[in-house]
Amino acid sequence: MPTTKGRILVLHGPNLNLLGTREPSVYGTATLADHVARATATGERLGYGIHSEQTNDLTTMIGFVQNAGSTYAGIVLNAGAFTHFAWSLHDALKSVGVPVVEVHLSNPAAREPWRHESVIAPVAIGTIAGFGGESYVLGVEALVRHLEPA
Ligand code: DQA
(Lines give C-alpha, C1' and ligand atoms only; values in the text may rest on other atoms or scores of the structure.)
Protein backbone atom coordinates (compact mmCIF):
# COMPACT_ATOMS: atom_id res chain seq x y z
CA MET A 1 0.00 0.00 0.00
CA PRO A 2 1.77 3.22 -1.11
CA THR A 3 1.81 5.85 1.63
CA THR A 4 3.26 8.86 -0.12
CA LYS A 5 0.91 11.33 1.57
CA GLY A 6 -1.00 9.04 3.91
CA ARG A 7 -3.42 6.17 4.11
CA ILE A 8 -7.18 6.08 3.72
CA LEU A 9 -9.39 3.37 5.19
CA VAL A 10 -12.37 2.34 3.04
CA LEU A 11 -14.95 0.41 5.06
CA HIS A 12 -17.95 -1.58 3.84
CA GLY A 13 -20.76 -2.81 6.06
CA PRO A 14 -23.23 -5.69 5.95
CA ASN A 15 -24.28 -7.42 2.74
CA LEU A 16 -21.88 -5.39 0.63
CA ASN A 17 -19.84 -8.57 0.20
CA LEU A 18 -22.76 -9.70 -1.98
CA LEU A 19 -22.40 -6.87 -4.49
CA GLY A 20 -22.50 -8.20 -8.01
CA THR A 21 -25.45 -10.48 -7.29
CA ARG A 22 -27.30 -8.49 -4.59
CA GLU A 23 -30.30 -6.62 -6.05
CA PRO A 24 -28.45 -5.62 -9.24
CA SER A 25 -31.29 -3.31 -10.25
CA VAL A 26 -30.48 -1.22 -7.15
CA TYR A 27 -26.75 -1.77 -6.65
CA GLY A 28 -25.47 -2.68 -10.12
CA THR A 29 -23.41 -5.66 -11.18
CA ALA A 30 -19.94 -4.57 -10.06
CA THR A 31 -18.51 -6.66 -7.23
CA LEU A 32 -17.06 -5.33 -4.01
CA ALA A 33 -13.61 -6.14 -5.40
CA ASP A 34 -14.39 -3.97 -8.44
CA HIS A 35 -15.36 -1.04 -6.20
CA VAL A 36 -12.27 -1.49 -4.02
CA ALA A 37 -10.08 -1.57 -7.14
CA ARG A 38 -11.55 1.74 -8.32
CA ALA A 39 -11.22 3.34 -4.89
CA THR A 40 -7.62 2.11 -4.70
CA ALA A 41 -6.78 3.51 -8.14
CA THR A 42 -8.33 6.84 -7.14
CA GLY A 43 -6.36 7.00 -3.90
CA GLU A 44 -3.10 6.10 -5.60
CA ARG A 45 -3.70 8.69 -8.34
CA LEU A 46 -4.01 11.27 -5.56
CA GLY A 47 -1.02 9.97 -3.61
CA TYR A 48 -2.78 7.96 -0.89
CA GLY A 49 -2.63 4.29 -0.06
CA ILE A 50 -6.02 2.61 0.34
CA HIS A 51 -6.79 -0.18 2.75
CA SER A 52 -10.26 -1.73 2.60
CA GLU A 53 -12.26 -3.95 4.94
CA GLN A 54 -15.77 -5.39 4.78
CA THR A 55 -17.71 -6.90 7.65
CA ASN A 56 -21.24 -8.06 8.37
CA ASP A 57 -20.58 -7.68 12.09
CA LEU A 58 -21.14 -4.41 13.97
CA THR A 59 -18.60 -5.18 16.69
CA THR A 60 -15.93 -5.82 14.07
CA MET A 61 -16.84 -2.59 12.27
CA ILE A 62 -16.50 -0.59 15.50
CA GLY A 63 -13.09 -2.21 16.02
CA PHE A 64 -11.94 -1.10 12.56
CA VAL A 65 -13.02 2.46 13.37
CA GLN A 66 -11.49 2.54 16.85
CA ASN A 67 -8.14 1.40 15.48
CA ALA A 68 -8.13 3.76 12.50
CA GLY A 69 -7.08 6.98 14.20
CA SER A 70 -3.44 6.09 14.65
CA THR A 71 -2.91 4.78 11.11
CA TYR A 72 -5.23 6.53 8.67
CA ALA A 73 -5.69 10.11 7.52
CA GLY A 74 -9.42 9.52 7.08
CA ILE A 75 -12.20 7.03 6.50
CA VAL A 76 -14.55 6.46 3.55
CA LEU A 77 -17.49 4.49 4.92
CA ASN A 78 -20.39 2.68 3.33
CA ALA A 79 -22.03 1.40 6.48
CA GLY A 80 -24.82 -0.46 4.65
CA ALA A 81 -27.86 -0.92 6.88
CA PHE A 82 -25.79 0.02 9.97
CA THR A 83 -26.30 3.53 8.59
CA HIS A 84 -29.87 3.60 9.77
CA PHE A 85 -29.67 2.42 13.39
CA ALA A 86 -26.14 1.82 14.68
CA TRP A 87 -25.61 4.58 17.24
CA SER A 88 -22.63 2.66 18.65
CA LEU A 89 -20.94 3.10 15.25
CA HIS A 90 -21.90 6.81 15.34
CA ASP A 91 -20.18 7.11 18.73
CA ALA A 92 -17.06 5.28 17.48
CA LEU A 93 -16.79 7.59 14.47
CA LYS A 94 -17.26 10.62 16.72
CA SER A 95 -14.36 9.42 18.89
CA VAL A 96 -11.84 8.44 16.23
CA GLY A 97 -10.59 11.93 15.46
CA VAL A 98 -10.15 11.59 11.67
CA PRO A 99 -12.50 12.86 8.95
CA VAL A 100 -15.18 10.48 7.70
CA VAL A 101 -16.93 10.58 4.30
CA GLU A 102 -20.22 8.66 4.19
CA VAL A 103 -20.89 6.96 0.86
CA HIS A 104 -23.75 4.94 -0.58
CA LEU A 105 -24.16 3.32 -3.97
CA SER A 106 -27.89 4.03 -4.00
CA ASN A 107 -29.63 7.18 -2.80
CA PRO A 108 -31.24 6.15 0.50
CA ALA A 109 -33.22 9.42 0.63
CA ALA A 110 -35.12 8.31 -2.47
CA ARG A 111 -35.91 4.83 -1.10
CA GLU A 112 -37.99 3.42 1.76
CA PRO A 113 -38.66 5.82 4.67
CA TRP A 114 -36.60 3.74 7.13
CA ARG A 115 -33.52 4.46 4.99
CA HIS A 116 -34.00 8.22 5.25
CA GLU A 117 -32.30 8.58 8.63
CA SER A 118 -28.52 8.23 8.75
CA VAL A 119 -26.78 8.01 12.12
CA ILE A 120 -23.49 8.38 10.20
CA ALA A 121 -24.27 11.75 8.60
CA PRO A 122 -23.99 13.81 11.82
CA VAL A 123 -20.42 12.60 12.37
CA ALA A 124 -19.31 12.72 8.71
CA ILE A 125 -17.79 15.71 6.94
CA GLY A 126 -20.24 14.94 4.12
CA THR A 127 -22.23 12.30 2.30
CA ILE A 128 -22.07 11.06 -1.30
CA ALA A 129 -24.98 8.89 -2.36
CA GLY A 130 -26.67 7.66 -5.48
CA PHE A 131 -23.80 7.51 -7.96
CA GLY A 132 -23.26 3.75 -7.97
CA GLY A 133 -19.58 2.86 -8.05
CA GLU A 134 -18.73 6.50 -8.67
CA SER A 135 -19.76 7.14 -5.06
CA TYR A 136 -16.56 5.47 -3.84
CA VAL A 137 -14.41 7.41 -6.34
CA LEU A 138 -16.09 10.67 -5.36
CA GLY A 139 -15.82 9.76 -1.69
CA VAL A 140 -12.05 9.28 -1.89
CA GLU A 141 -11.69 12.49 -3.92
CA ALA A 142 -13.82 14.45 -1.43
CA LEU A 143 -11.80 13.17 1.51
CA VAL A 144 -8.52 14.12 -0.18
CA ARG A 145 -9.85 17.61 -0.97
CA HIS A 146 -10.74 17.96 2.70
CA LEU A 147 -7.26 16.79 3.72
CA GLU A 148 -5.60 19.12 1.19
CA PRO A 149 -7.64 22.34 1.09
CA ALA A 150 -6.93 24.46 -2.00
C1 DQA B 1 -26.43 1.22 0.97
C2 DQA B 1 -27.83 1.77 1.31
C3 DQA B 1 -28.37 1.15 2.59
O4 DQA B 1 -29.68 1.64 2.85
C5 DQA B 1 -28.43 -0.36 2.46
O6 DQA B 1 -28.85 -0.92 3.68
C7 DQA B 1 -27.16 -0.96 1.99
C8 DQA B 1 -26.44 -0.29 0.90
C9 DQA B 1 -25.91 1.74 -0.39
O10 DQA B 1 -24.72 1.65 -0.63
O11 DQA B 1 -26.72 2.21 -1.21
O12 DQA B 1 -26.76 -2.03 2.41
O13 DQA B 1 -25.52 1.65 1.98
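Just above, that's the structure.
Structure report, in brief. (Residues numbered from 1 in each chain as written. Predicted model: local features only at pLDDT ≥ 70, side-chain atom pairs only at ≥ 80, totals over all residues. Heavy atoms only, no water.)

### Observations concerning the nonpolar core
Within soluble globular proteins, side chains that are nonpolar generally end up buried alongside one another. Ranked by internal contacts, the top residues of the largest apolar core, which has 21 residues, are L11, V65, I75, L77, L89, L93 and I120. When contributions to this core are tallied by element, the ones reaching two or more residues are β1 (6–12), α3 (58–66), β3 (74–78) and α4 (87–96). Per-element accounting of this core gives the leading share, 4 residues, to α4. Setting aside chain neighbours within four positions, we find V65 in contact with L11, L89, A92, L93 and V96. (Core = buried A, V, L, I, M, F, W, Y, C linked by side-chain atoms within 4.5 Å. Buried < 20%, exposed > 50% of the residue type's maximum accessible area, 1.4 Å probe, protein only. Helix = DSSP H or I, 4+ residues; strand = E, 2+ residues; numbered from the N terminus. Contact = heavy atoms within 4.5 Å.)

### Details of the environment of Y72
Within the fold, Y72 resides in the loop between α3 and β3. The exposure class of Y72 is buried, given its relative accessible area of 14%. The sequence separation of Y72 and I8 amounts to 64 residues, and the corresponding C-alpha distance is 5.3 Å.

### Quick word on the packing of aromatic side chains
Scanning the model with the defined rule gives 1 aromatic pair in all. Taking the centre distance of 6.2 Å and the plane angle of 80° together, the rings of F82 and F85 count as edge-to-face. Relative accessible area serves as the criterion here: at 6%, F82 is assigned to the buried category. Classification of F85 as partly exposed rests on a relative accessible area of 48%. (Phe/Tyr/Trp six-rings, centres within 6.5 Å; stacked < 30°, edge-to-face > 60°.)

### Some details on the sheet that holds strand β5 (residues 126–129)
Spatial strand order, β2-β1-β3-β4-β5: 5 strands in an open sheet with parallel pairing. The sheet terminates laterally at β2 (48–54) and β5, the two strands that pair on one side only. On average, each strand axis in the sheet is tilted by 20° relative to the strand beside it, whichever way the strands run. Sitting on the sheet, helix α2 (residues 32–45) is in contact with β1 and β2, with an inclination near 160° to β2. Contacting β1, β2 and β3, α3 crosses the sheet at an angle of about 165° to β1. (Pairing = 2+ DSSP bridges. Axes fitted to C-alpha atoms, helices over the stretch in contact; angles between N-to-C directions.)

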